[in-house]
Amino acid sequence: MKKLKKIDLWIVIPYILLLGIGIVMVYSASFYNSLIAGGSTNQYLIKQAIYAVLGIFLCYVTFMLKERILKSQRILSMVMLITVGSLFYLLGRALIDPSSRVNGASAWISLKIFNFQPLEFAKLFLIMFLALVLTNKQNRLIRKQGWKEVFREVLQPMIIVASIIIMVLVQPDIGGALILSLITLVLLASSTIPGKLIAELSAFLLTVFIGVVVMITKFPPNFVKTNYAYQRFLAMQHPFQLEQKSGAQLVNSFYAISNGGIFGTGLGNSIQKRGYLPEPHTDFILSIISEELGLVGVAFILGLLLIIILRMISLGLRSKKSYNSLVYYGVATMILAQTVLNVGGLLGLIPLTGVTLPFISYGGSSLLILSVALGIVLNLEATTKFEKMKKR
């Protein structure tokens, strides 16, 4: 109980508020479609509430763990086996049974109780794995002044990281691969690798990314033109011209945002959730929130997410432990990247990626892993506070 007194309320209070808002909005967004489908109108409400309660429980359990358990090589190896094994399974299933793909991707494993998404496991694994590896090698990395020397130090762990990112990309899950890549880049930049080398790496990756986008846009190969992700890219560029095809979701998202205005039409009064936006309780839930609660409601939710993100960045900047800082930055990057990709997609600023809004969108895998990630952050901070008290 003493440890609970050291818990960071700047993270906990926004987290609880977001879970509560998520339960209410998942119910509001899914009610109509569930009614039309002849199912229980409470089915998503009950499931989301269960995920939220389980998420709080896992957050608490993770918070109470000893720090040495979080750094355990054995546990980290088990998580790696689950992550890599699950991703291999998805790739194999997609090759053997192409019909198993959903919206063009093979990203979910049905566990009967709920659908498990290995990508979420991969995000947390990469954060914990890279934080531990880069911390263990920090004294050697700080002395390296060339890429050849740095690669010798990080080659083995980066092969593991690259393999996971490639497997996610092949699913294909471009949004997931992008989040994993950003987490990796931020943690490398936050390590003791010389800043000059990180700047060179960032410039190289940005150049390659822009080059690939330009090539695909100007000279798309025939196999790319029929790709689901490419159709989403076109929908971002010409949503209204493709309204009857790939642009339908984006156009209806625009309508929802426009209908909501500043103060919204009122909770439960969304029009676009009534058969216009498919599965509005998932990655398009912010559009429904915008329609029902207006710009004020959206700003409140994004504000809560921003508080959590900024708090973790602040903790990372103040921490004297490299491992703790890297974990804080990694979790902050994960939440920030998901938020930006989700909001950017429904506003038409970037192609739709299917990335859910943290703590708000319906789904067990994302909510539970995010809760565990917050539990780890809270654990490390509380442990640091106790250590400072003992030194006084």
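Since the model is a prediction, treat every value here as computed from it, not as a measurement.

**Q** How would you explain the overall build of the protein chain if you had to name every residue and give the values?
**A** Counting its regular elements, the protein chain contains 15 helices and 2 strands. Taking 2.2 N^0.38 as the reference for a compact globule, 392 residues should give roughly 21 Å; the C-alpha atoms of the protein chain span a radius of gyration of 21 Å, in line with that estimate. Taken over the C-alpha atoms alone, the protein chain extends approximately 60 × 55 × 40 Å along its principal axes. Looking at the protein chain residue by residue over its 392 residues, the buried ones come to 48%. Excluding contacts between residues fewer than 6 apart, the proportion of contacts in the protein chain whose partners are at least 24 apart in sequence is 72%. Placing the 35 positive and 15 negative side-chain charges of the protein chain at their respective mean positions leaves the two points 10 Å apart.

**Q** Which residues make up the packing of aromatic side chains, and what values do they have?
**A** The final tally for this structure, using the stated rule, is 6 aromatic pairs. An angle of 15 degrees between the planes, with centres 5.2 Å apart, marks the rings of F125 and F129 as stacked. Taken as a pair, F125 and F129 lie in helix α5 (residues 118-136) at a separation of 4 residues, close to a single helical turn. In terms of burial, F125 and F129 fall into one category: buried. Here the aromatic cluster, defined as three or more aromatic residues joined through ring pairs, consists of Y44, Y51 and Y362. Across from the ring centre of Y323, 4.6 Å away, lies the NZ or CZ of K71, which sits over that ring.

**Q** Explain the side chain of T383 residue by residue, including any values.
**A** Following the sequence through the fold, T383 ends up in helix α15 (residues 364-391). Classification of T383 by relative accessible area gives buried; the value is 15%. The contact partners of T383, leaving out residues within four places of it in the chain, are K3 and E67.

**Q** Please set out empty space enclosed by the protein residue by residue, giving values where relevant.
**A** Under the counting rule described, the total for this entry stands at 1 cavity of 30 Å³ or more. The volume enclosed by the largest cavity comes to roughly 60 Å³. Around the largest cavity, the lining residues are D283, F284, L341, N342, G345, L346, L352, T353, G354 and V355. Broken down by class, the residue content of the lining of the largest cavity amounts to 5 nonpolar, 4 polar and 1 charged.

**Q** A description of the packing of helix α1 (residues 9-36) against helix α13 (residues 285-318) should follow, citing residues and the corresponding values.
**A** α13 packs onto α1 with a crossing angle of 155 degrees between their chain directions and a minimal axis gap of 10 Å. Relative to α13, α1 is oriented roughly antiparallel. Our pair here, α1 against α13, has a crossing hand that is left-handed. Here the residues of the contact of α1 with α13 sort into 22 nonpolar, 1 polar and 2 charged.

**Q** How would you summarise a nonpolar patch on the surface if you had to cite specific residues and measurements?
**A** A contiguous nonpolar patch, built from L54, F57, Y60, V61 and M64 and spanning about 410 Å² of accessible area, is present on the exposed surface. Counting through the fold element by element, F57 comes out in helix α2 (residues 43-64).

**Q** Go over the pattern of salt bridges with me, naming the residues and quoting the values.
**A** Tallying each qualifying case throughout the model produces 6 salt bridges. Among the salt bridges present, the one from K71 reaches E67, with a minimum N-O distance of 3.0 Å. Close ionic contact of E381 with K385 constitutes a salt bridge, the shortest N to O distance being 3.5 Å. Taken together, the residues E381 and K385, both in helix α15 and 4 residues apart, mark about one turn of the helix. Assessed through its relative accessible area of 6%, E381 is described here as buried. Because the salt bridges share partners, they merge into one network encompassing D8, R311, E381 and K385.

Conventions we followed
- Residues numbered from 1 in each chain as written.
- Predicted model: local features only at pLDDT ≥ 70, side-chain atom pairs only at ≥ 80, totals over all residues.
- Heavy atoms only, no water.
- Helix = DSSP H or I, 4+ residues; strand = E, 2+ residues; numbered from the N terminus.
- Rg over C-alpha atoms; globule rule 2.2 N^0.38 Å.
- Buried < 20%, exposed > 50% of the residue type's maximum accessible area, 1.4 Å probe, protein only.
- Contact = heavy atoms within 4.5 Å.
- Lys, Arg positive; Asp, Glu negative; His and termini not counted.
- Charge placed at Lys NZ, Arg CZ, Asp CG, Glu CD.
- Phe/Tyr/Trp six-rings, centres within 6.5 Å; stacked < 30°, edge-to-face > 60°.
- Lys NZ or Arg CZ within 6 Å of the ring centre and 35° of its normal.
- 1 Å grid on protein atoms, 1.4 Å probe; cavity = no way out; pocket = protein on both sides within 12 Å on 5 of 7 lines; lining within 4 Å.
- Points joined across faces, edges and corners; volume = space filled by probe spheres on them.
- Nonpolar A, V, L, I, M, F, W, Y, C, P; charged D, E, K, R; others polar.
- Axes fitted to C-alpha atoms, helices over the stretch in contact; angles between N-to-C directions.
- Parallel < 35°, antiparallel > 145°, perpendicular 65-115°, else oblique.
- Left-handed = near helix turned anticlockwise from the far one by under 90°.
- Patch = residues over 30% accessible without salt bridge, like charges linked within 9 Å, V, L, I, M, F, W, Y side chains within 5 Å.
- Areas by Shrake-Rupley, 256 points an atom, 1.4 Å probe, with all protein chains shown as cover.
- Salt bridge = Lys/Arg side-chain N within 4 Å of Asp/Glu carboxyl O.

All we've got here are geometric facts, nothing functional implied.
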